[in-house]
Amino acid sequence: MRTEEILHSPYLFQDNYMVILEMDTVVSSRRDTPQYNFYVGDNTKRIYAENKLPTIIKLKLAMINSIPKKDWNSFKHDDIYNELDCYTHYRYTKNNPEFKHIGWCVSDSIYVIIMSEDELSELKGISIDPRKESQRESQTHTQRT
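Below, the structure is looked at part by part. As the structure is a computational prediction, the values presented were derived from the model and not from experiment. (Residues numbered from 1 in each chain as written. Predicted model: local features only at pLDDT ≥ 70, side-chain atom pairs only at ≥ 80, totals over all residues. Heavy atoms only, no water.)

Topic: the pairing of strand β6 (residues 110-115)
Most of β6 sits out of view: 6 of its 6 residues are buried. Burial along β6 is two-sided: I110, V112 and I114 and Y111, I113 and M115, pointing in opposite directions, are all buried. Relative to β6, strand β2 (residues 16-27) runs antiparallel, the two being bridged by 6 bridges. When the sheet's bridge partners are listed, E22 is paired in β6 with I110. As consecutive antiparallel partners, strand β5 (residues 103-105) and β6 are separated by 4 residues. (Buried < 20%, exposed > 50% of the residue type's maximum accessible area, 1.4 Å probe, protein only. Helix = DSSP H or I, 4+ residues; strand = E, 2+ residues; numbered from the N terminus. Pairing = 2+ DSSP bridges.)

Here it is in structure tokens:
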């Protein structure tokens with residue numbers, strides 16, 4: 001899959017979003033360094049060095065990588081697939097259905113990470129005011145009585 005063709009990430013999935021994470025390598029004269037490209041939407045990707053990867057992504061990636069690659073039914077290096085193939089969760093989670101709420105491995109370098117709207121907004125740099133949710137709940141309870 002050519003990452004220049006990623007148009008739909010994040011892709012709405014139930015009450016969450018499927019977001020593509022691409023693992024890449026930056027080659028320098030000293031050493032090769034892993035780089036993570038996280039496609040957050042609006043033609044925007046967040047680029048993270050391994051030591052700067054947000055905790056929520058690190059945790060989900062660790063869980064996904066705890067399952068052997070062969071169990072994901074992922075694409076091989078020379079397979080041809082497109083972005084929409086990444087979002088067919090039943091292909092990847094057939095052996096591990098609980099991962100449809102975490103994420104899965106699409107290929108050696110492509111992952112899908114499941115994110116809530118708040119998690120995704122935070123990674124986009126949009127601050128979440130927890131008081132708004134509390135105020136909304138309070139108003140709902142007030143209106144019912």
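What follows picks up the thread again.
Overview of the packing of aromatic side chains
Tallied over the entire structure, the rule returns 5 aromatic pairs. Between Y11 and Y87, the aromatic rings sit 4.5 Å apart at their centres with planes inclined by 5°, giving stacked as the arrangement. Placement of the pair is Y11 in strand β1 (residues 11-13) and Y87 in the loop between α2 (83-86) and α3 (89-93), with a sequence separation of 76 residues. Taking relative accessible area as the criterion, Y87 reaches 5% and is therefore assigned buried. Aromatic side chains F75 and Y81 sit 4.3 Å apart centroid to centroid with 10° between the ring planes, which places their arrangement in the stacked category. You'll find F75 and Y81 in the same group, each marked buried. Three or more aromatic residues joined by ring pairs make a cluster, and in this case those are F75, Y81, Y92 and W104. A cation over an aromatic ring shows up here: R91 above the ring of F75, its NZ or CZ 4.0 Å from the ring centre. (Phe/Tyr/Trp six-rings, centres within 6.5 Å; stacked < 30°, edge-to-face > 60°. Lys NZ or Arg CZ within 6 Å of the ring centre and 35° of its normal.)

Some words on helix α1 (residues 55-65)
Residues of α1 that are buried: I57, K60, L61 and I64. Taken end-on, α1 shows its buried residues confined to a sector of 100°, consistent with a single buried face. Packed against the buried residues of α1 are β2, β3 (32-41), β4 (44-49), β5, β6 and α4 (117-124). (Arc of directions from axis to C-beta. Contact = heavy atoms within 4.5 Å.)

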